[in-house]
Amino acid sequence: MGIGIPGFESRAIAVADGVELNAAVGGEGPAVVLLHGFPQTHLMWRHVAPALAGHHTVVCPDLRGYGASSKPQAVTEDIYSKRTMAADIVGLADALGFDRFALVGHDRGAHVAFRAGLDHPNRISHLGILDIIPTPDTWNVLHGVGAAVAFHLYLMAQPPGLPEQMIAGSADAFFGHFLDVWSMSSDAIPMDVRAEYLRACREAVPSIVADYRATATVDIEHDQADLDAGNRLTMPVTVVQQDWGRQLGFDATATWRPWSTDLEHFTTRAGHFMAEEAPEDIATLILNLVKR
């Protein structure tokens, strides 16, 4: 038996032609879908999901290209665009019979959730975003030596071949680096969970790189087109992130205002892995979001 979320059932659910998402499903009530970040799997929600399950049906999938979900070859840039990955999540909701659902994403999952909110506003009742800023703003605020914090974005933005080879050649060191430097608590990710994250990432290097490469190409095009057209997130939105504005010299709240008509923005004292470092805070934040 592998590691799982206590009280949750693991299911493989078809969401697109030839694509299945591995998802942990538990609880009863209005649906909340939780999307994981990098370099993680759905296990990052192992503390938060049970805290929500008393009031909600909670669904924690592995994203396309991650964990035990399908990893289609990136024959075009659209295969791992956030638009395609967001459509997976809507397909997941369809398969489970949810017309509307709250959606919360962390890191990579937050980019998917953001796109789902723009592309499927009639399906997403509430939107939670953990520790990102919108894709165009991400690239715009990275400059000078401060951009070194995001070296992996630049590495995985390179054309296919070299990034995959470099990362696969030292996968545990590469992915483990982020588990180490992005955490403010050595107890947040125990060794068995860390080992599972590393194993999952080690087996998914091409698809993880493809996901990031899309964020340097097609995802920017999609986001900028929405911004230029005046499209906005119309559902209640809660953003919580580290104080990146102070660290990188920009107004983090201001970057979100053009994108949302109903925004609450918070900073956290936890590290990047806030759902594992401060799960009670994140569970409370989600419960408060869905009451709005």
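Residues numbered from 1 in each chain as written. Predicted model: local features only at pLDDT ≥ 70, side-chain atom pairs only at ≥ 80, totals over all residues. Heavy atoms only, no water.

J.: Would you take a moment to explain the overall build of the protein for this structure?
T.: Counting its secondary structure elements, the protein contains 14 helices and 8 strands. Over its C-alpha atoms the protein spans a radius of gyration of 17 Å, differing by no more than 12% from the 19 Å that the globule rule assigns to 292 residues. The principal-axis extent of the C-alpha atoms belonging to the protein is close to 45 × 45 × 40 Å. A total of 292 residues make up the protein; the buried ones form 59% of that total. The contacts of the protein with a sequence gap of at least 6 include a subset with a gap of at least 24, amounting to 76%. (Helix = DSSP H or I, 4+ residues; strand = E, 2+ residues; numbered from the N terminus. Rg over C-alpha atoms; globule rule 2.2 N^0.38 Å. Buried < 20%, exposed > 50% of the residue type's maximum accessible area, 1.4 Å probe, protein only. Contact = heavy atoms within 4.5 Å.)

J.: Would you explain the environment of Asp219 in this entry?
T.: Within the element layout of this structure, Asp219 appears in helix H10 (residues 218-229). For Asp219, a relative accessible area of 2% gives the class buried. Taking the C-alpha atoms as reference points, Asp219 and Pro121, 98 residues apart in sequence, are found 18 Å from one another. If sequence neighbours within four positions are ignored, Asp219 has contacts with Ser81, Lys82 and Ala214.

J.: What am I meant to see in helix H7 (residues 171-181) here?
T.: For an α-helix, the turn length of 3.6 residues means that residues three or four places apart are oriented alike. All of the buried residues in H7 are Ala171, Phe174, Phe175, Gly176, Phe178 and Leu179. Looking at the packing, one finds that the buried side of H7 touches helix H5 (151-156), helix H6 (162-169), helix H8 (191-202) and helix H9 (205-215).

J.: Hey, could you run me through the packing of aromatic side chains in this one?
T.: One pair of aromatic rings is described through two measures. These are the centre distance and the angle between the planes. Enumeration according to the criterion identifies 13 aromatic pairs in this entry. Between Trp139 and Tyr154, the aromatic rings sit 5.3 Å apart at their centres with planes inclined by 85°, giving edge-to-face as the arrangement. Highlighted residues: Trp139 in helix H4 (residues 135-141) and Tyr154 in helix H5, separated in sequence by 15 residues. Since its relative accessible area comes to 17%, Trp139 is described here as buried. Take Tyr154: its relative accessible area is 33%, and that puts it in the partly exposed class. Relative to Phe273, the ring of Trp182 has its centre 6.2 Å away and its plane inclined at 45°; by these criteria the two rings are tilted. Of the two residues, Trp182 sits in the loop between H7 and H8 while Phe273 sits in the loop between strand E8 (263-267) and helix H13 (274-277), which places them 91 residues apart along the sequence. One aromatic cluster is present, built from ring pairs that chain together Phe38, Phe151, Phe174, Phe175, Phe178, Trp182, Tyr212 and Phe273. A cation sits over an aromatic face here: Arg108 above Tyr212, 3.8 Å from the ring centre. (Phe/Tyr/Trp six-rings, centres within 6.5 Å; stacked < 30°, edge-to-face > 60°. Lys NZ or Arg CZ within 6 Å of the ring centre and 35° of its normal.)

J.: I'm lost on the sheet that holds strand E6 (residues 124-130) in this one. Help?
T.: What holds strands together in a sheet is hydrogen bonding between their backbones, with the strands either parallel or antiparallel. Spatial strand order, E1-E2-E4-E3-E5-E6-E7-E8: 8 strands in an open sheet with mixed pairing. Where the open sheet ends on each side, the last strands, each with one partner, are strand E1 (9-16) and E8. The mean inter-strand angle of the sheet, taken between neighbouring strand axes irrespective of direction, is 20°. By the bridge criterion, 7 bridges tie E1 to strand E2 (residues 19-26) in an arrangement that is antiparallel. Among the inter-strand pairings, Glu9 is bridged to a residue of E2, identified as Val25. In the packing of helix H2 (residues 82-96) onto the sheet, the strands contacted are E1, E2, strand E3 (31-35), strand E4 (57-61) and strand E5 (101-106), and the crossing angle to E1 comes to about 115°. (Pairing = 2+ DSSP bridges. Axes fitted to C-alpha atoms, helices over the stretch in contact; angles between N-to-C directions.)

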